[in-house]
Amino acid sequence: SFTLVGGGQTFSDAKQRSARSGSRNTRFVDYVTPGELEPMIAGSDIVLGVFGKTEKTQMVIPNKVFQAMAVGRAVISCESPAIRELFTDRENIITVPAGDPAGLAQAVESLRRDAPLRERIARNGCSLVRNGYSPASVARRFLDILVEEGIM
């Protein structure tokens, strides 16, 4: 089953398409507070990142990717320069080409069928995020850059 959360640009269209298709395994939630989102992520097996073909999608890593990894969930997102900068496909994330619904479906099915792969991706992602991208780690790196650049 799938729970899609948020009110993004394509949310209402996805909701309508799901209703037209007769899907009974997809739930749409317009908005949740951060306190409500945490248990939703923790209760999932797989978390989806972003998949669009926009310029923004290629340049960002959404917070939900870090949040999902931090609580030990496997993440699937589109291939992008931003994702490749920090993550490695099939090591700590699963990537698919942007705008490729068949690729996304295949990735979801692969992680659903292969529990050891799903658990390894989740464990590696969790370790990477907790050790390298915690607020303290990011702040330390930022301060190091400021010192290296002579700003501090």
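Since this is a predicted model, take the numbers as computed values, not measurements.

Reading the values: the criteria
- Residues numbered from 1 in each chain as written.
- Predicted model: local features only at pLDDT ≥ 70, side-chain atom pairs only at ≥ 80, totals over all residues.
- Heavy atoms only, no water.
- Helix = DSSP H or I, 4+ residues; strand = E, 2+ residues; numbered from the N terminus.
- Buried < 20%, exposed > 50% of the residue type's maximum accessible area, 1.4 Å probe, protein only.
- Contact = heavy atoms within 4.5 Å.
- Areas by Shrake-Rupley, 256 points an atom, 1.4 Å probe, with all protein chains shown as cover.
- Salt bridge = Lys/Arg side-chain N within 4 Å of Asp/Glu carboxyl O.
- Expected span 1.5 Å × (residues − 1).

Caption draft 1: How the structure looks around the overall build of the protein. Across its full length, the protein holds eight helices and five strands. What you see in the protein, going N to C, is helices and strands ordered as β-α-β-α-β-α-α-β-α-β-α-α-α. Once the C-alpha set of the protein is aligned to its principal axes, its extents read approximately 60 × 35 × 30 Å. Within the protein, the fraction of its 152 residues that count as buried is 31%. Sequence separation of at least 24 residues holds for 54% of the intrachain contacts in the protein that already meet a minimum separation of 6. Counting only carbon and sulfur atoms, one obtains 53% of the accessible surface of the protein, whose full area is about 9,700 Å².

Caption draft 2: Inspection of the environment of L37 at higher detail. With respect to the helices, strands and loops of the structure, L37 is situated in helix α2 (residues 34-42). For L37, a relative accessible area of 24% translates into the label partly exposed. When the C-alpha atoms of L37 and E79 are compared, they prove to be 25 Å apart, with 42 residues separating the residues in sequence. Not counting chain neighbours up to four residues away, the residues in contact with L37 comprise V32 and Q67.

Caption draft 3: Looking closely at the pattern of salt bridges. The final tally for this structure, using the stated rule, is three salt bridges. A salt bridge links R113 to E109, with the shortest nitrogen-to-oxygen separation between them at 3.6 Å. Taken as a pair, R113 and E109 lie in helix α6 (residues 101-113) at a separation of four residues, close to a single helical turn. A relative accessible area of 58% means that R113 is categorised as exposed.

Caption draft 4: Structural context of helix α8 (residues 135-148). Compared with an ideal rise of 1.5 Å per residue, which puts 14 residues at 20 Å, α8 spans 20 Å between its outermost C-alpha atoms and is within 8% of the ideal. One or two residues past the end of α8 sits G150, with phi positive at roughly 75°.

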